[in-house]
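# Topology and contacts: notes
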Amino acid sequence: MGLRMLGDSAWLFEAGGNDARSRLELILKLVQLLKKQSIPEIRDVVSSFETLAVHFDPGHGEVVLDWLTALPPPAATDDSEPRTVIAPVVYGGPDLHGLASSLKRNEQEIIAFHSGAEYTVAAVGFSPGFPYLSGLPEELWVPRRATPQAVAAGSVAIAGEQAGIYPFRSQGGWHRLGRTDLRLFDPERADPAMLRVGDRVRFEPVDRLACSAGPEPLDGPADGILEIIDPGALTTVQDLGRPGFQEIGVSPGGAADPVAARVANRLVGNPDDAAVLECCMTGPRLEFRKAVRVAWVGWADATSGKPVEVMAGGKLDLTGRMHALRGYVAISGGIDVPLVMGSRATDVRAGFGGYRGRTLRKNDRLATGPMANGPASGEWRVGWPYADGGILDLRFVKGVQASWFGRETRRAFTNAIYQVSPMSDRTGVRLDGPGLQREETRELVSQPVVAGSVQVPPDGRPIVLMAERQTIGGYPQIGHVISADLPKLARAWPGTKLRFGEVSLDEARMAWRELQQELGLLQAGLNFLR
């Protein structure tokens, strides 16, 4: 099995051959093989048209590689008839007229080509339940937009040789032809994703949609001990994420800075994966109905980085500007919200998990679990991790499409000083600075990505994918920021200057081991304070 590194947390298999159908058939065989056989070190398997990624913790790369290279050849695929799903579409999307003009056809011809084809679900990714569909008629092949834009939920769209359906409101560079009311993803269903790799899809033109409503959001606990008096700029409930669902487009998500979240939890005696409050730019003002132990990390005040006892009826004001862009508030016992797909993390883009699938608001009330046994309060504090001052140095390993960029462009990428754009979020950090021009101009067939992938859209401005990234992307990846450095980028304020430096895979793994050692030393010190 020919494998390439996809950052330091995944191996990527690329199917060879000139025929797109045979490449997809090989990928489908590999998917079936890996579903039947696996090892605990594998966290996710994500397939696309002609590629397949096997995700793992950065410390398990060699174990996974040895296992993968020892696998037998894949057997023939299942001969059973694939399932066909009919998608009703009201055509007339905002890009239909312009697309017809650029292709020198009328709108009815575009609709006839699009609805007259049968499509195969080649991958599910980008966002939960998003189907990448092969089978788009060649007459409709058109490059992606130069710059992503807001796309409404239910939009039926095309780009390159692919068709797709947006399950949620998203940023995307595809051309919108119409809308459907299919509910492609529901985290409350036993099988959350409606479509799976290998299914068939046909689009049926209709005059109107049924407009079925989604499930009502669950109410929060009326008797929660923690009340939000002021939520701050952007506060959500997060834990260490929900790996294991990338094959249906669900990002692992979780804390954008998992190191700081771990530290906050350890300060109050919680396990690392307990749910915390993730705050961005400014923190919240909280009131507690019973005595609790609280710790927060990411603020510059003297009580940041240590456990604090708060009495029943006590208030905590963290609304001042934070030292890091993101900070974390841990409460002994952890934030107690329902588990959704094995995690309490809020998926902000898809609107599920956490507290009612959204950012926190004034008067929200949260419950907590039983108080844990943590370090005793005292005249001490933990100052690590900290937000870097000056220019932030980010290490990266070579990207899967690095060869798409000329030598001078790759040199410019490592020599340039970039700035974090205000347009950044939990999905990705956009960078302002020199544009990167690629030599290879063909459309990239959408393929798996990892946290840290540095994508280059047509406008040349790099985007570093973060915790709530899509699982599959269509922009070339010039590099992959190593896992040990991603938390530093999550702490960086808009305007922060940064530069990239290339390292080897061995150096990336060493940096990861060093980070784990630092966490181990912190835990050893906290154990003495119990």
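Our subject in this report is the structure included herewith. Just so you know, these numbers come straight off a predicted model, no measurement behind them. (Residues numbered from 1 in each chain as written. Predicted model: local features only at pLDDT ≥ 70, side-chain atom pairs only at ≥ 80, totals over all residues. Heavy atoms only, no water.)

## Regarding the overall build of the protein
Summing up its helical and strand segments, the protein has 8 helices and 32 strands in all. Against the globule reference of 24 Å for 530 residues, the protein gives a C-alpha radius of gyration of 24 Å, in line with a compact fold. For the protein, the spread of C-alpha atoms along the principal axes amounts to about 70 × 50 × 45 Å. A total of 530 residues make up the protein; the buried ones form 55% of that total. A separation of at least 24 residues holds for 74% of the contacts in the protein among residues at least 6 apart in sequence. In the structure as shown, the protein presents an accessible area of about 22100 Å², 50% of it carried by carbon and sulfur atoms. In the protein, the 58 positive side-chain charges and the 62 negative ones have mean positions that sit 3 Å from each other. (Helix = DSSP H or I, 4+ residues; strand = E, 2+ residues; numbered from the N terminus. Rg over C-alpha atoms; globule rule 2.2 N^0.38 Å. Buried < 20%, exposed > 50% of the residue type's maximum accessible area, 1.4 Å probe, protein only. Contact = heavy atoms within 4.5 Å. Areas by Shrake-Rupley, 256 points an atom, 1.4 Å probe, with all protein chains shown as cover. Lys, Arg positive; Asp, Glu negative; His and termini not counted. Charge placed at Lys NZ, Arg CZ, Asp CG, Glu CD.)

## A look at the pattern of salt bridges
Enumeration according to the criterion identifies 27 salt bridges in this entry. In this structure, the salt-bridge partner of Glu62 is Arg509, at a minimum N-O distance of 2.7 Å. Here the residue Glu62 occupies a position in helix α2 (residues 61-69), and Arg509 occupies one in helix α8 (residues 505-527), the gap between them amounting to 447 residues. For Glu62, a relative accessible area of 41% puts it in the partly exposed group. Given the relative accessible area of 11%, Arg509 is considered buried. (Salt bridge = Lys/Arg side-chain N within 4 Å of Asp/Glu carboxyl O.)

## Observations regarding the side chain of Arg326
With respect to the helices and strands, Arg326 occurs in strand β21 (residues 321-331). In this structure the side chain of Arg326 is engaged in a polar contact, spanning 2.9 Å, whose partner is the backbone oxygen of Ala490. (Polar contact = N/O pair within 3.5 Å; in protein donor to acceptor, adjacent residues only side chain to side chain.)

## Concerning the sheet that holds β21
If you trace the 5 strands from one edge of the open sheet to the other, you get β15-β16-β21-β18-β19, paired in antiparallel fashion. The outermost strands of the open sheet, each flanked by one partner alone, are β15 (234-238) and β19 (308-310). Taking the axes of each pair of neighbouring strands and ignoring which way they run, one obtains an average angle of 25° across the sheet. Taken together, the 4 bridges between strand β18 (residues 292-297) and β21 define a ladder with antiparallel strand orientation. Each bridged residue has a counterpart across the sheet, and for Val294 the counterpart in β21 is Ile331. (Pairing = 2+ DSSP bridges. Axes fitted to C-alpha atoms, helices over the stretch in contact; angles between N-to-C directions.)

## Considering the packing of aromatic side chains
Working definition: an aromatic ring pair is given by the centre-to-centre distance plus the angle between the planes. Evaluated as defined, the whole model comprises 17 aromatic pairs. Look at Phe413 and Tyr418: their rings are 6.4 Å apart centre to centre, the planes differ by 55°, and that puts the pair in the tilted class. Residue classification places Tyr418 among the buried positions, given a relative accessible area of 0%. Geometrically, the ring pair formed by Phe413 and Phe500 is stacked, given 4.5 Å between the ring centres and 25° between the ring planes. Of the two residues, Phe413 sits in helix α6 (residues 407-415) while Phe500 sits in strand β32 (residues 497-502), which places them 87 residues apart along the sequence. Here the two residues Phe413 and Phe500 agree in accessibility, since each one is buried. Following the ring pairs from residue to residue traces out a cluster consisting of Phe49, Phe126, Phe130, Tyr132, Tyr166 and Trp174. (Phe/Tyr/Trp six-rings, centres within 6.5 Å; stacked < 30°, edge-to-face > 60°.)

## Here we look at the nonpolar core
Ranked by size, the top nonpolar core spans 53 residues in total, and within it Val464, Leu489, Leu498 and Phe500 carry the most contacts. In terms of residues, this core owes the most to one element, α8, which gives 7 residues. Not counting chain neighbours up to four residues away, the residues in contact with Leu498 comprise Ile391, Leu392, Leu394, Ala416, Ile417, Tyr418, Val420, Leu431 and Leu489. (Core = buried A, V, L, I, M, F, W, Y, C linked by side-chain atoms within 4.5 Å.)

## Here we look at unusual backbone geometry
Of note, the amide linkage connecting Trp384 to Pro385 takes the cis form, showing an omega dihedral of 0°. Here Pro385 lies in the loop between β23 (365-368) and β24 (392-398). A positive phi is found at Lys104, a non-glycine position, where the angle reads about 60°. The exposure class of Lys104 is exposed, given its relative accessible area of 76%.

## Focus on the sheet that holds strand β9 (residues 155-159)
Spatially, the 7 strands close up into a barrel ordered β5-β12-β9-β10-β7-β6-β13, and their pairing is mixed. For this sheet, the mean inter-axis angle between neighbouring strands, taken without regard to orientation, is 40°. Taken together, the 2 bridges between strand β5 (residues 84-91) and strand β12 (residues 175-179) define a ladder with antiparallel strand orientation. The residue bridging Tyr91 from the neighbouring strand is Gly178, located in β12. Its contacts with the sheet place helix α4 (residues 107-115) against β5, β6 (119-124), β9, β10 (162-165), β12 and β13 (200-205), and it is angled at close to 150° to β13.

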